[in-house]
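# Understanding the architecture of this molecule
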Amino acid sequence: MASDTRNRLVIVEDDATFARTLARSFERRGYLVHVVASPEALDTLLQTERPNHAVVDLKLGTTSGLLCVR
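Structural notes, computed from the coordinates. (Residues numbered from 1 in each chain as written. Predicted model: local features only at pLDDT ≥ 70, side-chain atom pairs only at ≥ 80, totals over all residues. Heavy atoms only, no water.)

### Quick look at the overall build of the chain
Filter applied, for reference: Secondary structure elements follow DSSP: runs of H or I of four or more residues count as helices, runs of E of two or more count as strands, with numbering from the N terminus. Only protein chains enter the accessibility calculation, which uses a 1.4 Å probe; a residue is then buried when its area is under 20% of its type maximum, exposed when over 50%, and partly exposed in between. We call two residues contacting when some pair of their heavy atoms lies within 4.5 Å. Here the accessible surface of atoms and residues is derived via Shrake-Rupley with a 1.4 Å probe, and residues count as covered only by protein chains that are part of the display. Note that His is not counted, nor are the chain ends; the positive residues are Lys and Arg, and the negative ones are Asp and Glu. The location of each charge is read from NZ of Lys, CZ of Arg, CG of Asp or CD of Glu.
Of regular secondary structure, the chain possesses two helices and five strands. In terms of overall dimensions, the chain has C-alpha extents of about 40 × 25 × 15 Å along its principal axes. For the chain, with 70 residues in total, the buried portion stands at 29%. Taking the intrachain contacts of the chain between residues at least 6 apart in sequence as the baseline, contacts between residues at least 24 apart amount to 60%. Carbon and sulfur atoms make up 54% of the accessible area of the chain, which amounts to about 4,900 Å² in all. Looking at charge distribution, the chain has the averaged site of its 9 positive side-chain charges lying 6 Å from that of its 9 negative ones.

This is the structure:
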């Protein structure tokens, strides 16, 4: 089984419409994109995926996106 050599990106964004638009833009540039809407969803994703790039909204509702940056 061949491994996927594309750049893997996670988008942490609580605005679903904007996240979808941003994801499509990165996919057209060859990225494999995952979109999550909260720090908790990111923690769940990171149990199975290891993205090598991230785009993080710093204001996720009442939560800070800085929680996602570690």
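### Quick look at the nonpolar core
Definition in use: Here, nonpolar core means buried Ala, Val, Leu, Ile, Met, Phe, Trp, Tyr and Cys residues that are tied together by side-chain atoms lying within 4.5 Å of each other.
Residues Val10, Val12, Val36, Leu42, Leu45, Leu60 and Cys68 constitute the largest nonpolar core, which totals seven residues. Secondary-structure elements contributing two or more residues to this core are strand S1 (8-12) and helix H2 (39-45). Discounting residues that sit within four places of it in the chain, Val12 has contacts with Val36, Ser38, Leu42, Val55, Val56, Asp57, Leu60 and Cys68. Leu9, Leu22, Ala23 and Val33 belong to the second largest nonpolar core, which has six residues in total.

### Let's talk about the pairing of strand S2 (residues 32-36)
Keep this limit in mind: Pairs of strands are assigned from DSSP output, requiring at least two bridges between the strands. By convention a crossover is right-handed if, when the strands point away from the viewer, the path from the first strand over the helix to the second runs clockwise.
The pairing of S1 with S2 spans five bridges and is parallel. Across the sheet, residue Val10 finds its bridge partner in S2, namely His34. On the question of chirality, the crossover connecting S1 to the parallel S2 by way of helix H1 (residues 16-28) is right-handed.

### Examining the environment of Ser64
Spelled out, the test is: Polar contacts, as used here, are pairs of N or O atoms within 3.5 Å; protein pairs need one atom able to donate a hydrogen and one able to accept it. Residues neighboring in sequence count only if both atoms are side-chain atoms.
Mapping Ser64 onto the fold places it in strand S5 (residues 63-64). For the pair formed by Ser64 and Phe26, sequence separation is 38 residues and the distance between their alpha carbons is 24 Å. At a separation of 3.1 Å, a polar atom in the side chain of Ser64 contacts the main-chain amide nitrogen of Leu66.

Interpretation note: all reported values are geometric properties and have no functional meaning in isolation.
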